Amino acid sequence: MSPEIQLAGIHPRSERLIDLTRSYERAKASWSQVEVQLEQETKEVIKLQESLGFGHFSDGSLAWQDQLRPVTRSLKGVESGTRYSRWFDTNTFYQKPIIVGKTSASDIDPKNFLRAELLTGKRERKITLPGPYTFSQLSENKHYKNYADLLVDIALAEREIVQKLWNEGVTLFQLSEPCLVYQPYRESFRDQSEVDLALGAIRSVVKDSPGEFVVQTYFGDSALLLPDLLDLPISGVGIDLFETDISSLREQEKTPKKLVLGVVDSRESFVENPSWIADTARKFSEKVGAHNLVFASNSDLKFVPQEIANQKLEALSKASKLFERT
Amino acid sequence: MTKLFPVQEIGSLAKPKWRTKGLRQRLSSQDLFEAEEWAEKLGIQDFHDRAKSLLNTGDDKERVKAVLELSTLYGLRLFETTGVDNDGVGGEQQRVEMYEHVIKAVQGMNLLGHVHSFDNKYFNKGVAESRISRKHSVYVPEFLDVKKYAHRAVKVPITGPYTLVDWSFSGYYIQKQHASSPKTRKIDAKREFLLDIVEQIIRPEIRDLVNAGATWIQIDEPAVTTHPEPQEMELFVEAWNETVKGFNCKFSDHTCYPSEIGYKVLAEYAPKLDKCDQLALEFANRDTSRLGLDEDSREGYSDLNHFVNAGYKGEFGLGVAHVHDFTGNVSSGAGQSVGRDLIESPELVRDRLLFATKIVGDPGKIWANPDCGLRTRTWDVAFAKLANITKGAELAREAYQ
């Protein structure tokens, strides 16, 4: 069976949509014009996934202004809108969530997360959410004296978000946890006790939640953390193969879990050769002993123009077929 | 400069509609209505003669040149009218934006399309498709117009080599690497690309600017603090020192929106930057919007301690006004929240300057400025913010003296 291909986060907007949103900012286009284009483009992203043989469908999250915002806006005790911070080492920014009170789920509007009505007929729906550890790490905590308490409360709130999205037909939840492997914003890298807290928070999101969960790491080397991640009660783990050295990985005793290979680089415009992708995946598979593979980009493709993002997805699709043949 | 707390701009202003339209097509007198209003406000007395000449120009090249020159004049006068002591290049009216403007002048680079920056803001990202070289001058034509009209000191902001490389796709440079690890290939490509940008693009540009009379060049390096790893910081220092080597003019660095530890790391390396006379930094974005000289009220400025403790001896360009959308609360007396804008009160600016003085020690080392360029704000808002910065600087002078 050929590896499944999946979107791993926010897909880039087209030049047309970019023009419209800019015109909207300058009061030269109405929001309804933007919405019409958003809807059309979301349909196109879904159609592209169909044509490339995806198993789980995402709406591309084209309306998301940053990777945290829909979650930020769904939480009580969290303010935003006064401060922008850089998204890791990219030239993109997010509105920093400011934790000002006890955090819990507020009025969760699934429409802020997903265009479920455009995914009609798609039985397997995927959404990408920031994991609780990453969300808390990228927030400014002005309330909790004990970081662990913040982490638990965010996890519990995310569990409610998951439930709401399940009701909208989402079956696969990707929890993105780049902060587990990459912390350029901190003086010292997290220690094992913090990893334990983070893994505990992920367990809290997953516990008794419907659906399938994948924890995606990116922008950093996940070799050392992989065994811990595979121990989580989730269906799969995502690895950035542009940051993780395959030769440093250990055999995972033929894990039955899915390994989501970030094998096209969302931060570089060069479109990877399908043969190289298939070869890299094969080396990974041989080294780790994993056979349940998913091909994806290492993170949100929003860091490259849409045309290139689409070419990268096509390369993944071709690579998946090449991988199957060998 | 003997005046305490002089005020400077950092870079860009929004482009007026007539400026944007005038680059594409002929303008009508109606298009210049807004320009006429601002002409009165900014004291541009020969507006009608200039407008007449602009409207009568049939030649596209002449029109574009006239529009760019006029918008530069407007930017300079806006800064002057609000009391700014250093007018920069009039709000970078002759540049598309800080990245694309340079890339268009680079042989071997191609702009691939827009990528998301934040909210509904994007930038056109380039890729190196072959070894790079300079096609034409990037900043000199603008500087020559500025020289004609500036009544005050001029600082020329340029985009730094580290940022240009960091915001580009490496393309050619990454494909020619042979290391087996993708990570090593990326690092090797970045260094080679960076040193080429310094030698082929930035140094020739600085040489031309200095020869044309520039005495202060601000190197914008917002990307540097996004990679606080030692290897990257050493690379930044190497590129900076190579960039300024042998030139006889004032240099300053502008770095904004760092990661949480970004300024702490920059502080460690700042003393290693040759000829870096000033660091212009963003603080208002992370500060509270309430009055006060206590550490809690001025929490946004705590990172200044790192630079002082690390032994940086130069000046500081202190970000005292926010330049992005603001939808939070403002305490009494600290300013006004208007729509998506915060207009800081002079008293808030004063408190920020005085608090920074407590940390830096020498008030003669502190300039007041917005966090970054004001291109995302309207001219009305930019005017109000800058006017309040100059009033706040005056209040700080009074309080200090």
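Engineer: For this particular structure, what's the right way to read the overall build of chain A?
Structural biologist: Helices and strands together make up the secondary structure of chain A, namely nine helices and twelve strands. Relative to the globule expectation of 20 Å for 326 residues, the C-alpha radius of gyration of chain A, 19 Å, shows essentially globular dimensions. For the C-alpha atoms alone, the extent of chain A along its principal axes is close to 50 × 50 × 35 Å. Here chain A, with 326 residues, has 55% of them falling under the buried criterion. When contacts within chain A are restricted to residue pairs at least 6 apart in sequence, those whose partners lie at least 24 apart make up 73%.

Engineer: Can you help me understand the overall build of chain B in this one?
Structural biologist: Across its full length, chain B carries 14 helices and ten strands. Computed over C-alpha atoms, the radius of gyration of chain B comes to 21 Å, within 12% of the 21 Å expected from 2.2 N^0.38 for 401 residues, which places it in the range of a compact globule. Projected onto its principal axes, the C-alpha coordinates of chain B cover approximately 60 × 60 × 40 Å. A burial count over chain B gives 52% of its 401 residues as buried.

Engineer: What am I meant to see in the pairing of strand β4 (residues 216-220) of chain B here?
Structural biologist: A regular strand carries its side chains on alternate faces of the sheet. All names here are of chain B. With four of five residues buried, β4 lies mostly within the body of the structure. Looking at chain direction, strand β3 (residues 156-159) and β4 are connected through four bridges and run parallel. Each bridged residue has a counterpart across the sheet, and for Pro157 the counterpart in β4 is Gln218. As judged from the five bridges shared by β4 and strand β5 (residues 250-255), these two strands associate in the parallel manner. Bridging across to β5, Asp220 finds its partner in His254.

Engineer: Just to check I follow, could you spell out the sheet that holds strand β9 (residues 212-216) of chain A for this structure?
Structural biologist: Note on sheets: strands pair through backbone hydrogen bonds, and any given pair is parallel or antiparallel. All names here are of chain A. Pairing within the open sheet is parallel, and its seven strands lie in the order β1-β12-β11-β10-β9-β8-β6. Every interior strand has two partners, whereas the edge strands, β1 (4-5) and β6 (125-130), have only one. Alignment of β1 against strand β12 (residues 293-297), held across two bridges, turns out to be parallel. Along β12, the bridge assignment pairs Ile5 with Phe295.

Engineer: Help me understand the sheet that holds strand β2 (residues 75-79) of chain A in this model?
Structural biologist: Residue and element names in this part refer to chain A. Taken together, the three strands give an open sheet; going across it, the order is β2-β5-β7, and neighbouring strands pair in mixed fashion. The outermost strands of the open sheet, each flanked by one partner alone, are β2 and β7 (140-141). Bridge count for β2 against strand β5 (residues 98-105) is four bridges, and the pairing is antiparallel. Among the inter-strand pairings, Lys76 is bridged to a residue of β5, identified as Ser104.

Engineer: What's the story with the nonpolar core in this structure? I'm lost.
Structural biologist: One broad rule of soluble globular proteins: the nonpolar side chains tend to lie buried together. Ranked by internal contacts, the top residues of the largest apolar core, which has 211 residues, are A:Leu261, A:Phe295, B:Leu353 and B:Ala368. A per-element tally of this core places helix α9 (residues 182-211) of chain B first, with nine residues. The contact partners of A:Phe295, leaving out residues within four places of it in the chain, are A:Pro3, A:Ile5, A:Leu261, A:Val263, A:Ile277, A:Ala281, A:Leu316, A:Ala319 and A:Ser320.

Engineer: Can you help me understand the environment of B:Ile343 in this one?
Structural biologist: Along the chain, B:Ile343 turns up in strand β9 (residues 341-344). Spatially, the C-alpha atoms of B:Ile343 and B:Leu354 are 19 Å apart, while their sequence positions differ by eleven residues.

Engineer: When you look at the interface of chain B and chain A in this model, what are you seeing that I'm missing?
Structural biologist: Between chain B and chain A, the contact holds 38 residues from the first and 37 residues from the second. Of all the secondary-structure elements, those providing two or more residues to the side of chain B that touches chain A are β1 (106-118), β2 (121-134), α8 (172-175) and α9 of chain B. With seven residues, β1(B) is the largest single contributor of residues to the side of chain B that touches chain A. The class makeup of the residues in the side of chain B that touches chain A is 15 nonpolar, 16 polar and seven charged.

Engineer: Even after reading the chapter, I still don't get the environment of A:Gln252, so can you show me in this structure?
Structural biologist: All names here are of chain A. Mapped onto the fold, Gln252 is located in the loop between β10 (236-240) and β11 (258-264). Owing to 17 C-beta atoms within 10 Å, Gln252 belongs among the partly exposed residues under this scheme. As for Gln252 and Thr90, which are separated by 162 residues in sequence, their C-alpha atoms are 32 Å apart. Residues contacting Gln252, with those up to four places away along its chain left out, are Leu226, Leu230, Val288, Gly289 and Ala290.

Engineer: Teacher, can you tell me more about helix α4 (residues 60-81) of chain B here?
Structural biologist: It helps to recall that an α-helix has 3.6 residues per turn; residues three or four apart then point in one direction. The end-to-end C-alpha distance of α4(B) is 31 Å, a good match for the 32 Å that 22 residues give at a rise of 1.5 Å each. The positive-phi residue at the C-terminal boundary of α4(B) is B:Gly83, with phi of around 95°.

Engineer: Looking at this model, I keep getting lost on the packing of α9(B) against helix α10 (residues 230-244) of chain B. Mind explaining?
Structural biologist: For any two helices packed against each other, one specifies the crossing angle of their axes together with the interaxial distance. All names here are of chain B. The N-to-C vectors of α9 and α10 enclose an angle of 20°; their axes lie 10 Å apart at closest approach. Classified by the angle between their axes, α9 and α10 sit roughly parallel to one another. Crossing geometry of α9 relative to α10 is assigned as right-handed. Between α9 and α10, the residues in contact are Arg191, Leu194, Val198, Ile202 and Arg203 and Leu235, Ala239, Glu242 and Thr243, respectively. Across the contact of α9 with α10, the residue classes break down as five nonpolar, one polar and three charged.

Definitions and cut-offs
Residues numbered from 1 in each chain as written. Chains lettered and ligands numbered in written order. Predicted model: local features only at pLDDT ≥ 70, side-chain atom pairs only at ≥ 80, totals over all residues. Helix = DSSP H or I, 4+ residues; strand = E, 2+ residues; numbered from the N terminus. Rg over C-alpha atoms; globule rule 2.2 N^0.38 Å. Buried ≥ 20, exposed ≤ 12 C-beta atoms within 10 Å, placed from the backbone. Contact = placed C-beta atoms within 7 Å. Pairing = 2+ DSSP bridges. Core = buried A, V, L, I, M, F, W, Y, C linked by C-beta atoms within 7 Å. Nonpolar A, V, L, I, M, F, W, Y, C, P; charged D, E, K, R; others polar. Expected span 1.5 Å × (residues − 1). Axes fitted to C-alpha atoms, helices over the stretch in contact; angles between N-to-C directions. Parallel < 35°, antiparallel > 145°, perpendicular 65-115°, else oblique. Left-handed = near helix turned anticlockwise from the far one by under 90°.

Geometry only, nothing functional implied.
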